[in-house]
Amino acid sequence: MRTQVAIIGGGPSGLLLSQLLHKAGIESVVLERQTREYVLGRIRAGVLETGFVNLMREAGVSKRMDAEGFIHDGTLIAYDNEQFRIDFAEHTGDHVVVYGQTEVTRDLYDARDAMGGTVIHGVSDVELNDLTSDKPYVTYTLNGQSQRLDCDFVAGCDGFHGPSRQAIPLDVRREYEKVYPFGWLGVLSETPPVDDELIYSNSDRGFALCSMRNANLSRYYVQCSLSDSPDDWSDQAFWDELKRRIPEEAADKLITGPSIEKSIAPLRSFVTEPMRYGALFLCGDAAHIVPPTGAKGLNTAASDIHYLYNGLKQHYQDKDSNGLDIYSQKALSRIWKAERFSWWMTNLLHRFPDQSEFDVKMQRADLEFLRDNDAAQKVLAENYVGLPF
Ligand code: APR
Ligand code: PHB
């Protein structure tokens, strides 16, 4: 089989790229290891920057997002039983859209089906071959049969654990990583959100976050030990701990209910350089990971897809390779700023096991400065709504 762009990974990155390329008349094939049901079963943050929303519109996949997404003009930051608001609209004139990543992925799959896009599920043994030649190809196994996909380019959209990043030789690839000494215990409950906006809370017991998916589906997190497992936490224990970590005014109105999903996610910052190797272009989690504190995971994938899509369009339509030649440098420039913001928000809001009393005082001073200073709030707001592509 042959295509112009072989896309490894049928998560948001791979599907969005495939949809955009198709609309530009560029062929692609998506190779996905899991079933569609498995991919759609993933619970992930759904805070969308305007850049991502615009890409979904450009891809013709925004109807449900526009109808069901919540526009958020601000967020709440809490500590010491008090909370203050960061007004995105006032500081940036922009906002974010809250719309679950599961729904984004579902809409992208539906759009691929509607356009007759090729997404092959259940592949295994994916290998990338001859990436530095002018005839790269991908091999994989499907239903026990070995397959070969010849292509012009390979988009590595296969997430943190996929094969694409590993296809860049170790003497070419440079990796940067920071692993945080705690996790996030997340609960999904069919209950109304505690507030109209998200609450990020720093408490002396640890971080907590109150988020949502829709008017009757809430998402809550508490910082937990990496040695914890979800089974260590009864629903009641979770709700009791969450209430201890958010201001009383929020705890008093919190509506609890049975968890319909409960999981623990580790936190890490990770970046691979370069994001291109010959015909291979890494996108999204295949190239970089952020701690979820800044809600940047999907939004950093968006700018990668934006740069790669436009570079491929320029290559095929204008016979100009400039966009592809500067892809890695351009993508990394924005990625590192999102990594910094996510790292900063994580340090601002979490309790670290080795934190000294002085460190706690510094955190408190940071929070009070943020509470009282417009310039500090503008910096947070500009990063949260998303830096320009
Ligand atoms: N072969 C084929 N597909 C693979 C392979 C493989 N060897 N390895 C992984 N995949 C698939 C995974 O099953 C997954 O569906 O690649 C896809 C990668 O999707 P994601 O991990 O969701 O990464 P991405 O599409 O970049 O989306 C980034 O996901 O983790 C969140 O916070 C992150 O919101 C961000 C988003
Ligand atoms: C979520 O709703 O899952 C969510 C929201 C904001 C974050 C992280 C997760 O920063």
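Cut-offs used in this document
- Residues numbered from 1 in each chain as written.
- Chains lettered and ligands numbered in written order.
- Predicted model: local features only at pLDDT ≥ 70, side-chain atom pairs only at ≥ 80, totals over all residues.
- Heavy atoms only, no water.
- Axes fitted to C-alpha atoms, helices over the stretch in contact; angles between N-to-C directions.
- Helix = DSSP H or I, 4+ residues; strand = E, 2+ residues; numbered from the N terminus.
- Parallel < 35°, antiparallel > 145°, perpendicular 65-115°, else oblique.
- Left-handed = near helix turned anticlockwise from the far one by under 90°.
- Contact = heavy atoms within 4.5 Å.
- Nonpolar A, V, L, I, M, F, W, Y, C, P; charged D, E, K, R; others polar.
- Near = heavy atom within 4 Å.
- Polar contact = N/O pair within 3.5 Å; in protein donor to acceptor, adjacent residues only side chain to side chain.
- Areas by Shrake-Rupley, 256 points an atom, 1.4 Å probe, with all protein chains shown as cover.
- Core = buried A, V, L, I, M, F, W, Y, C linked by side-chain atoms within 4.5 Å.
- Buried < 20%, exposed > 50% of the residue type's maximum accessible area, 1.4 Å probe, protein only.
- Phe/Tyr/Trp six-rings, centres within 6.5 Å; stacked < 30°, edge-to-face > 60°.
- Lys NZ or Arg CZ within 6 Å of the ring centre and 35° of its normal.
- Pairing = 2+ DSSP bridges.

> Please explain the packing of helix α1 (residues 12-23) against helix α9 (residues 297-318) as it appears in this structure.
Helices that pack against each other are described as a pair by the angle of their axes relative to one another and the distance between those axes. For the pair α1 and α9, interaxial distance at closest approach is 10 Å and the crossing angle is 30°. In terms of orientation, α1 lies roughly parallel with respect to α9. Relative to α9, the crossing made by α1 is right-handed. In this structure, α1 uses Pro12, Ser13, Leu16, Leu17, Leu20 and Leu21 to contact α9, whose residues at the interface are Leu298, Ala301, Ile305, Leu308, Tyr309 and Leu312. Grouping the amino acids of the contact of α1 with α9 by side-chain chemistry returns 11 nonpolar, 1 polar and no charged.

> Can you walk me through the site of ligand 1 in this structure?
Within the structure, ligand 1 sits among 23 residues, and Glu32, Arg42, Arg44, Gln101 and Asp285 are positioned closest to it. The contact in question runs from a nitrogen atom of ligand 1 to an N or O atom on the backbone of Arg33, over 3.1 Å. Contact distances for ligand 1 include 2.8 Å between an oxygen atom and a side-chain N or O atom of Arg42. If ligand 1 stood free it would expose 710 Å²; the protein chains cover 89% of that surface. For the shell around ligand 1, the secondary structure elements donating two or more residues are α1, β2 (28-32) and α9. The residue makeup of the shell around ligand 1, split by class, is 8 nonpolar, 9 polar and 6 charged.

> Would you mind going over the nonpolar core with me for this structure?
One recurring pattern in soluble globular proteins: nonpolar side chains tend to sit buried together. Formed by 67 residues in total, the largest nonpolar core has its most connected members in Leu16, Leu17, Leu48, Val154 and Leu308. Residue contributions to this core peak at 8 residues, all from α9. Not counting residues up to four positions away in its chain, the partners in contact with Leu308 are Leu17, Ala155, Phe281, Cys283, Leu324 and Tyr327. The next biggest cluster of nonpolar side chains, apart from the first, holds 31 residues, and it includes Ile77, Phe84, Ala295 and Leu367.

> Is there a simple way to explain the packing of aromatic side chains in this structure?
For any pair of aromatic rings, the description consists of the separation of the ring centres together with the inter-plane angle of the planes. Enumeration according to the criterion identifies 18 aromatic pairs in this entry. Centre to centre, the rings of Tyr176 and Trp336 are 5.3 Å apart; their planes meet at 85°, and the pair counts as edge-to-face. With Tyr176 in strand β13 (residues 174-189) and Trp336 in helix α11 (residues 327-349), this residue pair connects regions lying 160 residues apart in the sequence. With a centroid separation of 6.0 Å and an interplanar angle of 85°, the aromatic rings of Tyr200 and Tyr384 are classed as edge-to-face. With Tyr200 in strand β14 (residues 199-203) and Tyr384 in helix α13 (residues 374-385), this residue pair connects regions lying 184 residues apart in the sequence. Here Tyr200 matches Tyr384 in class, with each residue buried. By way of ring pairs, the aromatic residues Phe88, Trp184, Tyr200, Phe207, Tyr221, Phe341, Trp344 and Tyr384 are connected into one cluster. The aromatic ring of Tyr137 is capped on one face by Arg148, whose charged end is 3.6 Å from the ring centroid. One residue, Lys296, lies across the ring of Tyr384, its end atom 5.7 Å from the ring centre.

> Would you mind showing me how to read the sheet that holds strand β10 (residues 137-142) here?
Whether parallel or antiparallel, the strands of a sheet pair through hydrogen bonds between backbone atoms. Across the sheet, which stays open at both edges, the 3 strands sit in the order β9-β10-β11 with antiparallel pairing between neighbours. The sheet is open, and its two edges are formed by β9 (124-129) and β11 (145-150), each paired on a single side. Direction aside, the axes of adjacent strands within the sheet are offset by 15° on average. Strand direction decides the pairing type here: β9 and β10, joined by 4 bridges, are antiparallel. Residue pairing in the sheet places Ser124 in a bridge with Thr141 of β10.

> Quick question: what am I supposed to make of the side chain of Thr75 here?
Checked against the element boundaries, Thr75 lands in strand β5 (residues 74-79). Here the side chain of Thr75 touches Leu198 through a polar contact of 3.1 Å, landing on its backbone oxygen. Once you skip the residues sitting within four places of it in the chain, Thr75 turns out to touch Phe84, Arg85, Ile86, Phe88, Glu197, Leu198 and Tyr200.

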